[in-house]
Amino acid sequence: MTHPPVTLPRLTALARQAAPRLLEAVVAPMAVFYLAMVVLGLKWALILTCAWVYGGVAWRLIRRIPVPATMLLAAAAITLRTIVGLWTGTWMWYFIQPELGTICISMAFLASVRLNRPLVQKLTLDYIHLPNAVLKHERVRRFFARITLLWAFVLLANSTLSIALAVYESLAGSLGGYMLLRTSAVAVISGLAITISIFGFKRLLRRLHVTHAGETA
């Protein structure tokens with residue numbers, strides 16, 4: 001291998017980049033929904049949460065900031081969820097809908113490994129540049145295949161658990177209980193998977209650097 005050393009940004013730098021997007025896309029909509037649900041009821045909770053997402057799109061358009069494709073997809077998804085929520089009159093289906101989509105995504109992750117095109121590799125390349133010599137390395141291919149399998153099962157586990165909690169807490173009439181249990185469980189499962197992925201990737205790069213140094217010595 002004849003490529004320069006590849007390094008990842010510091011974890012603190014990655015956290016600073018991800019935190020604003022996480023707050024805007026995940027934490028804030030959940031907070032808006034719950035507060036509006038408690039104060040104004042389900043109907044306004046659905047409407048105000050949808051308005052929050054479209055407000056983020058409008059703010060970027062006004063400031064002439066490019067709107068990410070993922071945000072446009074989120075706006076389309078929240079619109080459908082809001083319509084179904086208003087139609088059914090229950091918060092359960094509002095939260096179950098995206099979990100069904102996540103199950104489909106987990107199946108796509110599994111299929112991508114079978115087709116030797118692991119999706120985690122494609123997602124990683126959106127943020128980190130890796131030379132072609134690195135991507136063709138057998139250890140790298142095995143790593144991305146294993147991590148894609150890991151995330152396929154993580155997504156499936158999160159969605160299955162979320163649906164079960166939504167059904168159970170809906171029967172118990174406890175939206176607060178659902179949000180607390182679901183958020184805590186998903187945070188723990190996803191946090192472990194993120195930690196494994198990051199440290200596994202760093203370990204892989206260190207091994208590649210050692211191999212490269214040995215070959216050029």
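Every value quoted in this text rests on a predicted model; they were computed, and no experiment measured them.

> I tried to follow the packing of aromatic side chains on my own but got confused; where do I start?
Each aromatic ring pair is specified by the distance between its two centres and by the angle formed by the two planes. If you walk through the whole model with that rule in mind, you get 7 aromatic pairs. An angle of 70° between the planes, with centres 6.1 Å apart, marks the rings of Trp91 and Phe95 as edge-to-face. Of this pair, Trp91 and Phe95 both sit in helix 4 (residues 91-114), separated by 4 residues, roughly a single helical turn. Ring plane angle 85° and centroid distance 5.2 Å describe the contact between Tyr94 and Phe95, whose orientation is recorded as edge-to-face. Like Phe95, Tyr94 is buried. One aromatic cluster is present, formed by Phe33, Trp91, Tyr94, Phe95 and Tyr178 through successive ring pairs. The positively charged end of Arg81 is found above the aromatic ring belonging to Tyr94, 4.1 Å away from the centroid.

> What am I meant to see in the confidence of the model for the protein chain here?
Fine structural detail should not be taken from predicted coordinates in areas where pLDDT scores are low. Mean pLDDT over the protein chain works out to 80, with 77% of the residues at or above the 70 mark. When pLDDT is averaged over each element of the protein chain, helix 2 (residues 42-62) comes out on top at 90 and helix 6 (residues 132-135) at the bottom at 66.

> Can you help me understand helix 2 in this one?
Note on helix geometry: an α-helix contains 3.6 residues per turn, so any two residues three or four positions apart are oriented the same way. Helix length check: helix 2 (21 residues) gives 30 Å between terminal C-alpha atoms against 30 Å at 1.5 Å per residue, within 8%. Those residues of helix 2 not exposed but buried are Leu42, Ala45, Leu46, Thr49, Cys50, Val53, Gly56, Val57 and Arg60. Seen from one end, helix 2 has its buried residues packed into an arc of 130°, which puts them on one side. With respect to the buried face of helix 2, the exposed residues turned more than 90 degrees away are Lys43, Leu61 and Ile62. Of the residues trailing helix 2, Arg64 is marked for its positive phi of about 60°.

> Help me understand the pattern of salt bridges, please; the structure alone is not making it clear to me.
Any two side chains of opposite charge can pair, given that their charged atoms come close. Inspection of the entire model under this criterion finds 1 salt bridge. Residue Arg182 pairs with Glu99 through a salt bridge whose shortest N-O separation is 2.8 Å. Taken together, the residues Arg182 in helix 8 (residues 175-216) and Glu99 in helix 4 connect sequence positions 83 residues apart. In this structure Glu99 comes out as buried when scored by relative accessible area, which is 6%.

Cut-offs used in this document
The residue count restarts for each chain, going from 1 along the sequence in the order it is written. The predicted origin of the model limits local features to residues at a pLDDT of at least 70 and limits the giving and counting of side-chain atom pairs to 80 or more, whereas totals for whole chains, interfaces and linings rest on all residues. Calculated side-chain values reflect all of the structure's heavy atoms, with hydrogen atoms and water omitted. Stacked, edge-to-face and tilted are the three classes for Phe, Tyr and Trp ring pairs, Trp counted by its six-membered ring, which pair at centre distances within 6.5 Å; planes under 30 degrees apart are stacked, over 60 edge-to-face, the rest tilted. Segments assigned H or I by DSSP are reported as helices when at least four residues long, segments assigned E as strands when at least two residues long, and all are numbered from the N terminus. Burial classes follow relative accessibility: with a 1.4 Å probe on protein chains only, a residue under 20% of its type's maximum area counts as buried, one over 50% as exposed, and anything between as partly exposed. A ring is scored as having a charge over it whenever the NZ atom of a lysine or the CZ atom of an arginine sits within 6 Å of its centre and within 35 degrees of its normal. What pLDDT expresses is the predictor's confidence in each residue, scored from 0 to 100. Take the number of residues in a helix, subtract one, and multiply by 1.5 Å to get its expected span. This arc describes the spread of directions from the helix axis toward the C-beta atoms. Every case where a carboxyl oxygen of Asp or Glu lies within 4 Å of a side-chain nitrogen of Lys or Arg is listed as a salt bridge.

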